[in-house]
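Residues per chain, in single letters:
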Amino acid sequence: MAATDPEDSLDSWSIRTIVATMFPILIALSILEMGSGYVLEELEETYLANPTLLVLVPVMIGMGGNLGAILSSRLSTRLHLGLLEFDPRDEVLWTNVIAIMGLAITIFSALGLIAWVVGQTIAAPMALADLMLISVVSGMLLAAIATVLSIAATYISYTQGLDPDDTTIPVVTNVCDILGVVVLSVVAIVVLN
Amino acid sequence: MEARQEAWRIYRESLPILAVSLAGGIFAGSVLGSEGMTDGFERFPGLLLLLPAFLATRGNVYGAMGARISSGLHQGMIDPSFSWDRRLVNAVVASFINGIGISVFIAVLSWGILHLLGRESARLVELVGIMLVSGVLTSVTLIFGLLALVFASYEYGLDPDNLIGPIVTTLGDIFGVVFLFVAITVVGGIF
């Protein structure tokens, strides 16, 4: 865009425009996030009785989105370059999925172990086996959700003629943000009972 | 096999940034699991309800600001320094309004939801006070911290686009939770 008119180019940088564009999106996201908060509030007793579970919460909220963002941006770049086909036998697709699953198992095993160490020092300790099981099972479920979402969102934006760079990453990260706490809570309840 | 080497390369390239994000998340989680924080959750019902929204909106507000500043730099519309440039000032003020405004909205929303459900809730003024204090502190820290990092990386010839996402989530987790702790302590002391 050749922004020669200074008033015109300033317009998209006006406070009013930025707030009017962002604020409705933020309100919608906050309302959706309340679903995730409701699960935390419902399970307040479990979380407050096992504060080590709270150590897992920020990583569970953020990491699915991180994995999805890496996969989405890689898929959309390969798509732009014509190196990717949406075929279940496509090698590029599987190579990327395997790398993401490898990253997930490393990160969530480390999370379980470090959270156990933290729990020994700051909070009421939990059994190492329980924590590892909760962290790895919910982490791998989240990674699987992030993978399916990334592939589906990239495919849909591609067929709709949208640029996946603008659409997939915000969708994937926000959906994973919301599902992180839900998946963690369900797995924790199953393991602890 | 070639695919195997390729998968291994993606793994090695992505692991360091995820490890940094993991460290930030575990630090934030340790603050959440600490006794002062769990006491706060018990004392102010509604804080657990608003926690995911509070943490998640950080990434959206400041990620969007970072992306805007980065495009502005690439297009030569703004200079990589702190100055009274109209565009820079507007972007910063708008982020303050978005960040602080949404924090207050989240507090009112949680209070409303708990009342509609007939559940126990902290007083509206307490929840709004906590969100206002933590919203203001995180906004100031994240906006100026992010600008400094984006300008510095641009000056060093790094593309800020590749750094903003992970920087925002990591700083957002750490400062969001620390300032939430500060806000609970301050508001707990007043009321």
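Residues numbered from 1 in each chain as written. Chains lettered and ligands numbered in written order. Predicted model: local features only at pLDDT ≥ 70, side-chain atom pairs only at ≥ 80, totals over all residues.

**Thoughts on the UniProt feature "transmembrane region" (unreviewed entry) in chain B**
Residues and elements named next belong to chain B. Here the UniProt-annotated "transmembrane region" (unreviewed entry) positions come out as residues 15-34, 46-69, 89-117, 124-151 and 163-190. Its end C-alpha atoms 42 Å apart, residues 89-117 is made of 97% helix and 0% strand. Structurally, residues 124-151 is divided into 100% helix and 0% strand, and its ends, taken at the C-alpha atoms, are 39 Å apart. (UniProt positions renumbered as here; feature names shortened; annotations may be inferred. Helix = DSSP H or I, 4+ residues; strand = E, 2+ residues; numbered from the N terminus.)

**So, the interface of chain A and chain B**
Every contact between the two is made by 54 residues of chain A and, on the other side, 52 residues of chain B. Those elements that place two or more of their residues in the side of chain A that touches chain B are helix 1 (6-11), helix 2 (15-42), helix 3 (44-49), helix 4 (52-80), helix 5 (91-122) and helix 7 (164-192) of chain A. If you tally residues by element for the side of chain A that touches chain B, the top one is helix 2 of chain A, at 16 residues. For the side of chain A that touches chain B, a count of residues per class yields 37 nonpolar, 12 polar and five charged. (Contact = placed C-beta atoms within 7 Å. Nonpolar A, V, L, I, M, F, W, Y, C, P; charged D, E, K, R; others polar.)

**Quick look at the UniProt feature "transmembrane region" (unreviewed entry) in chain A**
Residue and element names in this part refer to chain A. The feature "transmembrane region" (unreviewed entry), as given by UniProt, occupies residues 13-32, 53-73, 93-119, 131-156 and 168-192 in the numbering adopted here. The span residues 13-32 is 90% helix and 0% strand, and its two end C-alpha atoms sit 28 Å from each other. End C-alpha to end C-alpha, residues 53-73 measures 31 Å, and it is 100% helix and 0% strand.

**Quick look at the packing of helix 4 of chain A against helix 5 of chain A**
Any two packed helices are characterised by the angle at which their axes cross and by the distance between the axes. Residues and elements named next belong to chain A. Axis separation between helix 4 and helix 5 bottoms out at 11 Å; the angle between their running directions is 165°. As summarised for this structure, helix 4 and helix 5 are arranged roughly antiparallel, according to the angle between their axes. Handedness of the crossing formed by helix 4 with helix 5: right-handed. Facing Thr52, Val55, Leu56, Val59, Met63, Leu67, Ile70, Leu71, Arg74, Leu75 and Arg78 of helix 4, the residues of helix 5 in contact are Val92, Asn96, Ile100, Leu103, Ala104, Ile107, Leu111, Ala115, Val118 and Gly119. (Axes fitted to C-alpha atoms, helices over the stretch in contact; angles between N-to-C directions. Parallel < 35°, antiparallel > 145°, perpendicular 65-115°, else oblique. Left-handed = near helix turned anticlockwise from the far one by under 90°.)

**Quick notes on the domain arrangement of chain A**
Residue and element names in this part refer to chain A. With domains assigned, chain A is organised as domain 1 (1-37) and domain 2 (43-192). The gap between the C-alpha centroids of domain 1 and domain 2 is 28 Å. Counting residues at the interface gives five residues for domain 1, matched by four residues for domain 2. Tallied by class, residues from the side of domain 1 that touches domain 2 come to two nonpolar, two polar and one charged. (Domains from an automatic or database assignment.)

**Notes on helix 4 (residues 86-116) of chain B**
For helix 4 of chain B, which comprises 31 residues, the first-to-last C-alpha distance of 44 Å matches the rise-based estimate of 45 Å (1.5 Å per residue) to within 8%. Following helix 4 of chain B by one or two positions, Gly118 of chain B has its phi on the positive side, about 70°. (Expected span 1.5 Å × (residues − 1).)

**Some points on the nonpolar core**
Counting 111 residues, the largest nonpolar core has Leu56, Met60, Leu67, Leu111 and Ala115 of chain A together with Ile106 and Leu146 of chain B as its most contacted members. Composition of this core by domain shows at least three residues from each of domain 1 (1-37) and domain 2 (43-192) of chain A. Among residues more than four places away in sequence, those in contact with Met60 of chain A are Ser138, Leu142, Gly180, Val181 and Leu184 of chain A. (Core = buried A, V, L, I, M, F, W, Y, C linked by C-beta atoms within 7 Å. Buried ≥ 20, exposed ≤ 12 C-beta atoms within 10 Å, placed from the backbone.)

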